[in-house]
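# Fold and geometry: a report
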Amino acid sequence: MQYLLMIYSKEGAWEKLSVAEQQQGLAAYNAFTEALKKSGALVGSNRLRPASTATTVRIANGKSQVLDGPYADTKEQLGGYFLIDVADLDAALAWASRCPGASHGIVEVRPVWSMAA
Amino acid sequence: MADAIARRSYGKLVAFLAASTRDVAAAEDALADAFAAALAEWPGSGCPVSPEAWLVTVARRKIIDEIRRRRTREVAADQLLLIADGLESAAASGEIPDRRLALLFATAHPAVDPGISAPLMLQSVLGFDARMIASAFLSSPEAMAKRLVRAKNKIKQAGIPFSVPNRDELPGRLDAVLSAIYAVFAEGWADPAGIDVARRNFTEEALFLARLVVELMPGEPEALGLVALMLHAEARRPARRNAAGEFVPLSQQDTKLWSVEMINEAERLLHHASTAGAFGRYQLEAALQSAHVHRCRTGEDNWDHVVNLYDALLQVSGSPVVRLNRALAVVETQGMHAALAEIEALSIDPRMAEYQPYWAARAELLGKIGAYREAWQCYDVGIGLERDGAVRRFLQRRQSALPH
């Protein structure tokens, strides 16, 4: 089954880190990504630009309404994701707990709705 | 024959079927069909050599048919043919001494809403129906059914594996398991004469399972507390009804009928639990039982101690049932009016509206302060809610003893 690991963390915390700490953080993410690749579980992953760069779109009364900012104005924002393919939720949760994001933020694990029918 | 298997093996069969598909609801539906087929076929063709295997085969065929019918992924049907691996082998490996207990721990997965874990165990492993589960958790059957469906959907859609946890995962799942075991006991306790076939073995079964938990996790004070609590309650079973089968309240029970052996064991276990220094719900409830037993045997007034124990229990559980029982102890320490005020304060809790002991307690106190008309009405509601005939007749006698 595929699961999306969504990393929510406090915005702006990254910029406050020292260069050495940032390097350590990146190395941890690289190592995690490598481990996922080696196990064959990694489907895709990306880091996102901060929520200050987000734009929301919705159609209201037939007109598209474009607004600056993220959908939910919360302290923690979606900062990146890993899409993985593993046997079951326990395996997905095990990867989530290894994800560096679980240490500096929260990792939400969601099963992907399979469209194969 | 099929009925006996349904009672004994229901949970095991559901778990077995669901282990490969992770679809508990579909497993239950298929098993229900298989039992129906058994009831139709066995009387004519005779009971098969291995009835459980027969049921699993029929049920699995039903599941596969259903999946084909729904035209979901082709591969799913093939997956179904694989025998459940993890669950069965783990349950048989001996780490957890009883298959049902293994399944209880399997059901208490942390990704399942903790509030629904115990009801889910009762339904999927222990074969309770929705009405029994709803009454055990003071909920309406409709609301409980909805929550159970939601939990089963999550298990299926999120791919939660139905597998037996490692030893280090057990403590985190203990609360839900103890809660389910206690609900089984309470359901059996509601049948003091042991005449209801469907509930006859529940108290024994609960004690058996709780003792296994103690064996599996010897250091857990709450597991010891639960065994002590259940032994205390079970010890009084012979005294709860008189020769005519009528209800006898605790204060009027013949203490000579209580099982000294069970009480002594309960006290020993409770003492052992207390040495761990971590007091929880079950130890406190066992300590309350112990205090009641002591008072009834010696005639010593220990109501202040009882109220203190209820206060501690309220802090850990906050249950309206505890609040109600505490109010009844307050009668003895602060008098009728103080107790009645606490009971009236409970009336805003919707869970009390259909809880017989609440109405009986309220009626009793109203009667004692001379509010006979209101007492009469409260007895009416309590009597209307009670399903046990002996308790109903007891309340009717109390009601008709009110001065007119």
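Predicted model only: the values in this text are computed from it and were never measured. (Residues numbered from 1 in each chain as written. Chains lettered and ligands numbered in written order. Predicted model: local features only at pLDDT ≥ 70, side-chain atom pairs only at ≥ 80, totals over all residues. Heavy atoms only, no water.)

Below, the discussion takes up the pattern of salt bridges. Residue and element names in this part refer to chain B. This structure, assessed with the given rule, holds 20 salt bridges over all chains. Across the pair Arg-173 and Glu-169 runs a salt bridge, and its minimum N-O distance is 3.9 Å. Residue Arg-173 is classed as buried on the basis of its relative accessible area, which comes to 5%. Here Glu-169 falls in the partly exposed class, since its relative accessible area comes to 32%. (Salt bridge = Lys/Arg side-chain N within 4 Å of Asp/Glu carboxyl O. Buried < 20%, exposed > 50% of the residue type's maximum accessible area, 1.4 Å probe, protein only.)

Glancing now at the packing of aromatic side chains. The final tally for this structure, using the stated rule, is eight aromatic pairs over all chains. Between the aromatic rings of Phe32(A) and Phe82(A), the centroid separation amounts to 4.9 Å while the plane-to-plane angle is 85 degrees, which identifies the pairing as edge-to-face. A residue pair is termed long-range when its members are at least 10 positions apart, and Phe32(A) in helix α2 (residues 19–39) and Phe82(A) in strand β5 (residues 76–85) qualify at 50 residues. Assessed through its relative accessible area of 4%, Phe82(A) is described here as buried. Arranged with centres 6.0 Å apart and planes meeting at 65 degrees, the rings of Phe32(A) and Trp95(A) form a pair that is edge-to-face. Taken together, the residues Phe32(A) in helix α2 and Trp95(A) in helix α3 (residues 89–98) connect sequence positions 63 residues apart. Of the two residues examined, Phe32(A) and Trp95(A), each falls in the buried class. Arg236(B) extends its terminal NZ or CZ atom over the ring of Trp258(B), reaching a point 6.0 Å from the ring centre. (Phe/Tyr/Trp six-rings, centres within 6.5 Å; stacked < 30°, edge-to-face > 60°. Helix = DSSP H or I, 4+ residues; strand = E, 2+ residues; numbered from the N terminus. Lys NZ or Arg CZ within 6 Å of the ring centre and 35° of its normal.)

Here the focus is the packing of helix α19 (residues 372–385) of chain B against helix α20 (residues 389–400) of chain B. Think of two packed helices as two axes; the pair is described by the angle between the axes and how far apart they sit. Residue and element names in this part refer to chain B. Running from N to C, α19 and α20 point in directions that differ by 170 degrees, and their axes come no closer than 10 Å. By the angle between their directions, the pair α19 and α20 is classed as roughly antiparallel. Contact with α19, carried on its side by Trp-376, Tyr-379, Asp-380, Gly-382 and Ile-383, involves Arg-392, Leu-395, Gln-396, Arg-398, Gln-399 and Ser-400 of α20 and no other residues of that element. Looking at side-chain class alone, the contact of α19 with α20 contains four nonpolar, four polar and three charged residues. (Axes fitted to C-alpha atoms, helices over the stretch in contact; angles between N-to-C directions. Parallel < 35°, antiparallel > 145°, perpendicular 65-115°, else oblique. Contact = heavy atoms within 4.5 Å. Nonpolar A, V, L, I, M, F, W, Y, C, P; charged D, E, K, R; others polar.)

Here we come to the side chain of Glu234(B). Tracing the backbone through its elements, the reader meets Glu234(B) in helix α12 (residues 221–235). For Glu234(B), the residues in contact, after removing those within four places along its chain, are Phe185(B), Trp189(B), Thr203(B), Leu207(B) and Met262(B).

Purely geometric stuff here, so don't read any function into it on its own.
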